[in-house]
2 protein chains.
Amino acid sequence: MDTPDDPEDPMPQTRDTNRRIVLANRPKGRPDDDSLRLETGPVPKAGAGEMLLRTVWLSLDPYMRGRMDDAKSYAAPVELGGVMTGQVVAEVVTSDVDGFAPGDHVLAGSGWQDWAVLDGSQVMNLGRDPAHPSWHLGILGMPGFTAHAGLLNIGEPKPGETVVVAAATGPVGATVGQIAKIRGCRAVGVAGGAEKCAHAVEVLGFDACIDHRSDDFEAQLAAACPEGIDVYFENVGGRTLYAVLPLLNPFARVPVCGMVAWYNLSTLPDGPDRGPQILGTLLRQKVKMQGFIIFDTFGPTEHAAFLKDMTGWLQEGKVRYREQVVEGLEAAPDALLDLLEGRNFGKMVVRVG
Amino acid sequence: MDTPDDPEDPMPQTRDTNRRIVLANRPKGRPDDDSLRLETGPVPKAGAGEMLLRTVWLSLDPYMRGRMDDAKSYAAPVELGGVMTGQVVAEVVTSDVDGFAPGDHVLAGSGWQDWAVLDGSQVMNLGRDPAHPSWHLGILGMPGFTAHAGLLNIGEPKPGETVVVAAATGPVGATVGQIAKIRGCRAVGVAGGAEKCAHAVEVLGFDACIDHRSDDFEAQLAAACPEGIDVYFENVGGRTLYAVLPLLNPFARVPVCGMVAWYNLSTLPDGPDRGPQILGTLLRQKVKMQGFIIFDTFGPTEHAAFLKDMTGWLQEGKVRYREQVVEGLEAAPDALLDLLEGRNFGKMVVRVG
């Protein structure tokens, strides 16, 4: 990634230039400095039936790693040389689209760039002055919806059950844990490092949070789940999954939302082959394991239920939300790497303009 | 296993002696000649509220391998020195139990022995002269119910979809394929050898059946599923599972009923670790994979639906059923090994008396 020499003095967003971050090379394994490239070009012009958007906030999310590969994935890969995919909160600058006026804030999928021209399809108007614009990229947006719909519709937690979730201070995991508590469950988090674990317990209200970097992680997780695990909200894979399997109770449910620990694999890891352990656990314990992609698997009914619940919980102070703000579009590539390797703390958003 | 010197002249069932096959040693991996032992003893005496049963047919099923281990499994393991678990069709010889008279045939879980004394609990009366007594161990019993409930309730096949099942000439697989056809699906079987594959297509009505011993098994399976796989009824694991994963369609369903290819593992196999491939497929394709144990997962509602459907299909000639009859209790241990290694052809039942 080409970045300015002095990161303390980021290039500002201007009316004259569109900075965009494009996929320069498909990474093999971990993305590196050559994977993404900053380009500049003219600000696009809005025509009839279009609007010009100025990006204010860009969301960084683990799924973006998958879009850098050419393989069959959730969705179409980003093309080589194409602007990186991403959800943004933007401000409408000019508009020839009904229902959108200059000054409105919108939620759009216009990606890693300063400016974009869109028609009104797939754009949600957040109004002129939303209270927390960036929250629509997190707790009120895709990550929040992912946590709510995946946990409640696939995980089906019942009061008194034990719910385990990794990345417990990330936007999905933190929300899963807090909803589990609201539903009367024991919530056990997994996170990297003492600071995150303390946050999960003290701020988010998890009953326990285990540091996956501990040598005796498996034993600590077992001790934190004395009655086994009824719901494992899977978003990491790797060591955490393999520590969870022996603890799953009969009829446990495993919504599979992500596997960030494995996103940078370019080949399958060394053995042994855990396939027999995974299938054997499903069989003996009669476990349901179900993958989902939020906007493919769930629709307007689940989205309405999410917004109703989450808006109420936020107003009542029952759900806490933490963001990590990255300053400047040019800092986004390194921040994505941090995210993929667990160095973020809270929902990562980039302040673009 | 101690067997008579001359297998052509099996020891007959007599009124004076109870032959029983007990677990002599827990096998490490594949069971061998020392795993099971034939013992003889007196015929047990029925007391008040009990009945004496003479075993007529003994069922052999893959789950029996799991009961030989001490590990956490479906159900309690067989104790060392204890009679091997198994379902039988037996004849009532004497009875002090209401609803059971001498001459009645019953379905019971009295295991690998000539004689048993039971009270009436967990015993189903099949009447004095059932048309096909041994069918209650197969197409009308646990394997048939497993196929019906697992396919319809977890697999949820829709007309036009592709259903794949291994062990396609076994009692579960054959039934899965035939129900899939009845429901308007494309049914693709996997079996070991040309003879079984021909039977699956020509007699059972599968659209295709692939020999898993072929060098190009994976390519043949892909060619037989030109529109991908919507339901994979998992009963083997191993190479078949790994050939299926890349072919699964979005929102595919995978009922996990067994993994006979892996039952004899004593340790996890060499790598690579397929865990990321399994989880990644669930995630990208939004697949549901759900293990089930027939009598734990399903209840009277599903059982009644099964009996109604299957009785009707058999009467209408829509479902075909093949048995492999093993002669004599003393031949059961070797027959179980054959079953675990795919050398059976049809539902294995032992004619005990």
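Residues numbered from 1 in each chain as written. Chains lettered and ligands numbered in written order. Predicted model: local features only at pLDDT ≥ 70, side-chain atom pairs only at ≥ 80, totals over all residues.

### Section: the overall build of chain A
Stated formally: The secondary structure listing takes helices from DSSP runs of H or I that are at least 4 residues long and strands from runs of E that are at least 2 residues long, numbered from the N terminus. Radius of gyration here is computed from C-alpha atoms only, and the compact-globule reference equals 2.2 Å multiplied by the residue count raised to the power 0.38. Counting other C-beta atoms within 10 Å of its own, a residue is labelled buried from 20 upward, exposed at 12 or fewer, and partly exposed in the gap between, with every C-beta atom placed from the backbone. C-beta atoms are placed from the backbone for every residue, and two residues are taken to be in contact when these atoms lie within 7 Å.
The helix and strand inventory of chain A stands at 10 helices and 15 strands. Radius of gyration (C-alpha) of chain A: 21 Å, near the 20 Å computed for a compact globule of 353 residues. Dimensions of chain A, computed from the C-alpha atoms along their principal axes, are close to 60 × 45 × 35 Å. Counting over 353 residues, chain A shows a buried share of 50%. For chain A, restricting intrachain contacts to residue pairs at least 6 apart in sequence, the fraction spanning at least 24 positions comes to 66%.

### What to know about helix α7 (residues 275-285) of chain A
Along an α-helix, a turn takes 3.6 residues, which lines up residues three or four apart on a common side. With 9 of its 11 residues buried, α7(A) lies for the most part within the structure. Restricting attention to buried positions, one finds in α7(A) the residues Gly275(A), Pro276(A), Ile278(A), Leu279(A), Gly280(A), Thr281(A), Leu282(A), Leu283(A) and Gln285(A). Structurally, α7(A) contributes buried residues whose contacts are with β12 (248-256) and β13 (288-291) of chain A together with α6 (238-244), β12 (248-256), α7 (275-285) and β13 (288-291) of chain B.

### A short note on the interface of chain A and chain B
What counts, and what does not: Ten residues, namely Ala, Val, Leu, Ile, Met, Phe, Trp, Tyr, Cys and Pro, are considered nonpolar, four, namely Asp, Glu, Lys and Arg, are considered charged, and the remaining ones, Gly among them, are considered polar.
Taken together, the contacts link 37 residues of chain A with 37 residues of chain B. For the side of chain A that touches chain B, the secondary-structure elements that each account for two or more residues are α7, β13 and α8 (294-297) of chain A. At 10 residues, the largest contribution of residues to the side of chain A that touches chain B is made by α7(A). Considered class by class, the residues forming the side of chain A that touches chain B number 18 nonpolar, 11 polar and 8 charged.

### Description of the environment of Arg343(A)
Relative to the helices and strands, Arg343(A) resides in the loop between α10 (332-340) and β15 (347-351). A sequence separation of 150 residues divides Arg343(A) from Gly193(A), and the C-alpha atoms of the two residues are 9.9 Å apart.

### Regarding the domain arrangement of chain A
Residue and element names in this part refer to chain A. Stated precisely, the cut-off is as follows: Domain start and stop positions are those given by an automatic or database domain assignment.
The assigned domain composition of chain A is domain 1 (17-134 + 322-351) and domain 2 (142-295). For domain 1 versus domain 2, the separation of C-alpha centres amounts to 29 Å. Domain 1 puts 14 residues into the contact, and the matching count from domain 2 is 14 residues. Partitioned by chemical class, the residues of the side of domain 1 that touches domain 2 number 4 nonpolar, 5 polar and 5 charged.

### Let's talk about the environment of Gln113(B)
Residue and element names in this part refer to chain B. As for its position among the elements, Gln113 is in the loop between β5 (105-108) and β6 (115-118). The class of Gln113 is buried, set by 25 C-beta atoms lying within 10 Å. Gln113 sits 58 residues away from Thr55 along the chain, and the two C-alpha atoms are 7.0 Å apart. Excluding residues that lie within four positions of it along the chain, Gln113 makes contacts with Asn18, Arg19, Arg20, Thr55 and Val83.

### Details of the sheet that holds strand β10 (residues 208-211) of chain B
Threshold: Two strands form a pair only when DSSP identifies at least two bridges running between them. Axes here mean lines fitted to C-alpha atoms, for a helix over just the part in contact, with angles spanning 0 to 180 degrees between N-to-C directions.
One open sheet holds the 12 strands; their spatial order is β10(A)-β9(A)-β8(A)-β11(A)-β12(A)-β13(A)-β13(B)-β12(B)-β11(B)-β8(B)-β9(B)-β10(B), and the pairing between them is mixed. The sheet is open, and its two borders are formed by β10 (208-211) of chain A together with β10 of chain B, each paired with just one other strand. Pairs of neighbouring strands in the sheet enclose a mean axial angle of 15°, with direction left out of account. In terms of strand pairing, β12(A) meets β13(A) through 4 bridges, oriented parallel.

### Section: the relation of the copies chain A and chain B
Selection criterion: Least squares is the method for superposing the copies, and the C-alpha atoms it fits come from residues with pLDDT of at least 70 in both.
Turning chain A through 180° and shifting it by 0.0 Å along the axis lays it on chain B, with an RMSD of 0.1 Å. What the superposition gives is, in effect, a two-fold axis relating one chain to the other. Mapped onto chain B, 100% of the interface residues of chain A are again interface residues, and the two copies thus contact each other with one and the same surface.

### Quick notes on the pairing of strand β8 (residues 162-165) of chain B
Residues and elements named next belong to chain B. Defined as follows: A clockwise path from the first strand over the helix to the second, with the strands pointing away from the viewer, defines a right-handed crossover.
Because side chains alternate across β8, one face comprises the buried residues Thr162 and Val164, and the other comprises Val163 and Val165, equally buried. Pairing between β8 and strand β9 (residues 186-191): 4 bridges, direction parallel. In the sheet register, Thr162 faces β9, and the bridge partner there is Arg186. As for the winding sense of the linkage, the β-α-β connection from β8 through helix α3 (residues 171-182) to β9 is right-handed.

### Here we look at the pairing of β15(A)
All names here are of chain A. Of all 5 residues in β15, 4 are buried; the element is thus mostly enclosed. Here strand β3 (residues 51-59) pairs with β15 via 3 bridges, running antiparallel. Considered in β15, the bridge of Trp57 is made with Arg351. Tracing the backbone out of strand β14 (residues 323-327), into α10 and back to the parallel element β15 gives a crossover that is right-handed.

### A closer look at unusual backbone geometry
The amide bond that connects Gly271(A) to the next residue, Pro272(A), takes the cis arrangement and shows omega of 10°. Inspection of the secondary structure assignment puts Pro272(A) in the loop between β12 and α7. Even without being a glycine, Lys286(B) presents a positive backbone phi close to 55°. Of note, Lys286(B) is situated in the loop between α7 and β13.

### Looking at the nonpolar core
The line we're drawing: In plain words, the nonpolar core is the set of buried Ala, Val, Leu, Ile, Met, Phe, Trp, Tyr and Cys residues that C-beta atoms within 7 Å link up.
Judged by nonpolar contacts, the single largest core of 134 residues is most densely connected at Ala168(A) and Ala168(B). Residues Met64(B), Met84(B), Trp112(B) and Ala332(B) belong to the second largest nonpolar core, which totals 41 residues.

### Quick word on the packing of helix α2 (residues 142-155) of chain B against α3(B)
Residues and elements named next belong to chain B. Quick reminder of the rule: The scheme is simple: roughly parallel for angles under 35 degrees, roughly antiparallel for over 145, roughly perpendicular for 65 to 115, oblique for anything else. The sense of a crossing depends on the near helix, which, turned anticlockwise from the far helix by less than a right angle, makes the crossing left-handed and, turned clockwise, makes it right-handed.
Between α2 and α3, the least distance of the axes is 8 Å, while the angle of their chain directions is 45°. Between α2 and α3, the angle is such that the two are oblique. α2 and α3 meet at a crossing whose hand is right-handed. Of the residues in α3, those touching α2 at Pro143, Gly144, Thr146, Ala147, His148 and Leu151 are Pro171, Val172, Thr175, Val176, Ile179 and Ala180. The residue inventory of the contact of α2 with α3, partitioned by class, reads 8 nonpolar, 4 polar and no charged.

### A look at the packing of α2(B) against helix α9 (residues 300-315) of chain B
Residue and element names in this part refer to chain B. For the pair α2 and α9, interaxial distance at closest approach is 10 Å and the crossing angle is 110°. Our classification of the angle between α2 and α9 gives roughly perpendicular. Mapping the contact onto sequence places Gly144, Phe145, His148, Ala149 and Asn153 in α2 and Glu302, His303, Phe306, Asp309 and Met310 in α9. When the residues that make up the contact of α2 with α9 are grouped by side-chain class, the tally is 4 nonpolar, 4 polar and 2 charged.

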